[in-house]
Amino acid sequence: MPWFVKIEEGIVDKSTFDQYVPAHKAYVQDLIEKGHKARTGYWARRGGGMLLFEAASKEEAHALVAQDPLVKNGCVKYDIYEWCVVVE
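Residues numbered from 1 in each chain as written. Predicted model: local features only at pLDDT ≥ 70, side-chain atom pairs only at ≥ 80, totals over all residues. Heavy atoms only, no water.

Undergrad: Tell me about the sheet that holds strand β1 (residues 3-10), and name the residues and values.
TA: Read across the open sheet, the four strands follow the order β2-β3-β1-β4; overall the sheet is antiparallel. The open sheet has two edge strands, β2 (39-42) and β4 (76-83), and neither has a second partner. Taking each pair of neighbouring strands and ignoring which way they run, the sheet shows an average axis angle of 15 degrees. Here β2 runs beside strand β3 (residues 48-54); their pairing, made up of four bridges, is antiparallel. Residue Thr40 lies in a different strand from β3, and its bridge partner there is Leu51. (Pairing = 2+ DSSP bridges. Helix = DSSP H or I, 4+ residues; strand = E, 2+ residues; numbered from the N terminus. Axes fitted to C-alpha atoms, helices over the stretch in contact; angles between N-to-C directions.)

Undergrad: With reference to specific residues and values, describe unusual backbone geometry.
TA: Positioned with a positive phi, Lys37 is a non-glycine residue whose angle comes to about 50 degrees. Checked against the element boundaries, Lys37 lands in the loop between α2 (21-33) and β2. In this structure Lys37 comes out as partly exposed when scored by relative accessible area, which is 46%. (Buried < 20%, exposed > 50% of the residue type's maximum accessible area, 1.4 Å probe, protein only.)

Undergrad: Describe the nonpolar core, with residues and values.
TA: Proteins that are soluble and globular tend to have nonpolar side chains buried together. Counting 16 residues, the largest nonpolar core has Leu51 and Phe53 as its most contacted members. Elements that contribute at least two residues to this core include exactly α2, β3, α3 (58-66), α4 (69-72) and β4. Those residues in contact with Leu51 that lie beyond four places of it in its chain are Phe4, Val5, Lys6, Tyr27, Val28, Leu31, Ala38, Arg39 and Thr40. (Core = buried A, V, L, I, M, F, W, Y, C linked by side-chain atoms within 4.5 Å. Contact = heavy atoms within 4.5 Å.)

Undergrad: Describe the pairing of β1, and please don't skip the residues or the numbers.
TA: Bridge analysis of β1 against β3 gives seven bridges, and the strand direction is antiparallel. Bridging across to β3, Val5 finds its partner in Leu52. Of the pairings in the sheet, the one linking β1 to β4 comprises eight bridges and is antiparallel in character. Bridged to Gly10 within β4 is Val76.

These figures capture arrangement, not role.
Quick look at the structure:
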């Protein structure tokens, strides 16, 4: 399956953002359990992060990201890119 990356930037205050972090973690855990090999994290400088995952297509990638609680609750703006692995 192709890899995809969601690069995001927080657009709400930290207290609002933090309300949805537990649901975001549960969402990522669900992606892992469904075989999407997801990983998530934030930049050390704060204010943004990344979600790396596998999906069957760009359409599926967009559909999966649309279910992220951080997206559903308007906490981030983001872009999705297909990541072409060169060396494994």
